[in-house]
Amino acid sequence: MREEAALPATAERAVAQVERRRHTLASRMAFLIVCVAIALTTLAYGTVHSWALGIFAVSAAALVCLWVLDGLVLGSVMLPANPLQWPLLGLIVVGLVQLLPLRTPSDAGLSLSPVRSISLDPYTTRLVLVQVAALMIYFAVVTVFVDTPRRLKALVRMITIFGFLLAIFGLTQSFTGDGSRVYWFRQLTQSTAFGPFINRHHFAAFMELAVAIPFGLLASGAVESYKRPLYAFAAVVMAMSLVATNSRGGILSLGAEIFFVVVFAGVSWRKQKKEQPRSQRIRATLLRAALAIALVLVSIGGALILSGPEVFTRFLGTPIAEDPTTGRAHFWSTTLNVIRDYPVLGSGLGSLGVIYTRYDTNNGFYRLEQAHNDYLQTFSDAGIVGAVIGLAFIVILFRRGFARRETHDKFRAAVTTGALAGCFAVLVHSLFDFTLHTTANALLFLIVAAIATQDTRVNTTHDFRQRRRRSRSKQTQSSDQAVPATPEVAGTVSVST
């Protein structure tokens, strides 16, 4: 009898141990680095230069050290079980295969410095691999250490507050300069700056991700009434800054994002509220639509007031322009020729800048580094294998994200809706630009994707604790109970040290 009574106590101690697995000093430092990295990678020109990428890689190595230290302190290391990590790992494997010396010099198709690797630009491929590996580490750290509702809320607030401040900075810079300088002192020659980004389209993509979170919370009604004006003001300012970039892809993506939220913000609650009258559901949908229209009108009006009517001259003048695609049609057709010649494994990650001149039929005055379409460039750099990996990432993201929205935790469902909307907007924008090639945007995209697909640890724990108390009372009343299984933290795997 003593042994039987001791068994439930052992299981209870295991449950308590899992619940107490938060938070060591190393865990807190890792979470702090993630939050700080969102800001610093953005302020460092989007982290596109070698020195910034080097610091970013060092910070990822520091996260690994903190991760191991946390495991040593607690006696086990938590490994992520988010399926989104597998496409990222697959992309790294493709890059490593491309570095193998499997090509004869005559197959490279280059007149100078023939290479033996599959990648026609092995140096850039190595840099891309370091960048992807660092991003994957950040994604895994978010999956492991954003493990409570409190940390989820802290991360959401950080993204919202920083997005708001960045929007203020971008708007201030836009009406005090002509877009030819970054931080008012770095002169640009071939691009238009906005905020800390050298390319205004990349600022628009960052805002698409940042504004999605407060908009999702507002549309889902998951914010306390006294906080709604603050979230609404932050969302409007971020949307205004996006419109002020005059990025056609950004404005279209913002519209797609708003449409996504209006359609899906209340869908997850229909299964739990079948008894809700149809008229009430229609009223809720119309309310979300009115909120979306108000956001659009206020954003456009604010952009007109701050930047004047010329903010829309490029967008409205597109139909009569000589080339409505601003050269993109030529870039895309040339990239398709690259895909035709390297269909399976591509020409190498990041190699388009080297191989493009071989296929370019123009005068070659401009050197193209990116295809201005992330889908075509993925196909060009990694071939069919890379395209399948990218498609798998998108399918897993939305399939798992929609599954995570089916919860009684209204805040979690709202955050997931906003996160998916932000990812959807960036994926739409990627049809016209190369927004995810900027490290800051790729980092925020993966963090938002991790939020959308995170496991149930970030849900409100009140219901679980209530069930646990009831289960404990039943176990004490009965002496003949089966041995409960040791609990497992959803979405992670514990490896004892």
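Structure: see above.
Now for a look at the structure at hand. All values derive from a computational prediction rather than experimental measurement. (Residues numbered from 1 in each chain as written. Predicted model: local features only at pLDDT ≥ 70, side-chain atom pairs only at ≥ 80, totals over all residues. Heavy atoms only, no water.)

**Notes on the overall build of the protein**
Scanning the protein from N- to C-terminus turns up 17 helices and four strands. Restricting the contact set of the protein to residue pairs at least 6 apart, pairs at least 24 apart contribute 78%. Roughly 23600 Å² of accessible area belongs to the protein as shown, and the carbon and sulfur atoms make up 65% of that amount. (Helix = DSSP H or I, 4+ residues; strand = E, 2+ residues; numbered from the N terminus. Contact = heavy atoms within 4.5 Å. Areas by Shrake-Rupley, 256 points an atom, 1.4 Å probe, with all protein chains shown as cover.)

**Let's talk about the packing of aromatic side chains**
Tallied over the entire structure, the rule returns 17 aromatic pairs. Three or more aromatic residues joined by ring pairs make a cluster, and in this case those are Phe162, Phe194, Phe197, Phe203 and Phe206. Between Lys153 and the ring centre of Phe411, over which it is positioned, the NZ or CZ distance is 5.3 Å. (Phe/Tyr/Trp six-rings, centres within 6.5 Å; stacked < 30°, edge-to-face > 60°. Lys NZ or Arg CZ within 6 Å of the ring centre and 35° of its normal.)

**Considerations on the pattern of salt bridges**
Under the counting rule described, the total for this entry stands at three salt bridges. Taking the shortest distance from any N to any O, the salt bridge between Glu224 and Lys227 comes out at 3.8 Å. Here Arg457 ties to Asp455 by a salt bridge, and the two come within 2.7 Å at their closest N and O atoms. Classification of Arg457 by relative accessible area gives buried; the value is 12%. Judged by relative accessible area, which is 0%, Asp455 ranks as buried. (Salt bridge = Lys/Arg side-chain N within 4 Å of Asp/Glu carboxyl O. Buried < 20%, exposed > 50% of the residue type's maximum accessible area, 1.4 Å probe, protein only.)

**Things to note about the nonpolar core**
Residues Ile38, Leu155, Ile159, Leu217, Leu397, Phe445 and Ile447 are the most contacted members of the largest nonpolar core, which totals 105 residues. Other than its neighbours up to four places away in sequence, Leu217 contacts Val156, Ala222, Val223, Tyr231, Phe411, Ala414 and Val415. In this structure, Phe331, Ile355, Leu368 and Ala371 belong to the second largest nonpolar core, which totals eleven residues. (Core = buried A, V, L, I, M, F, W, Y, C linked by side-chain atoms within 4.5 Å.)

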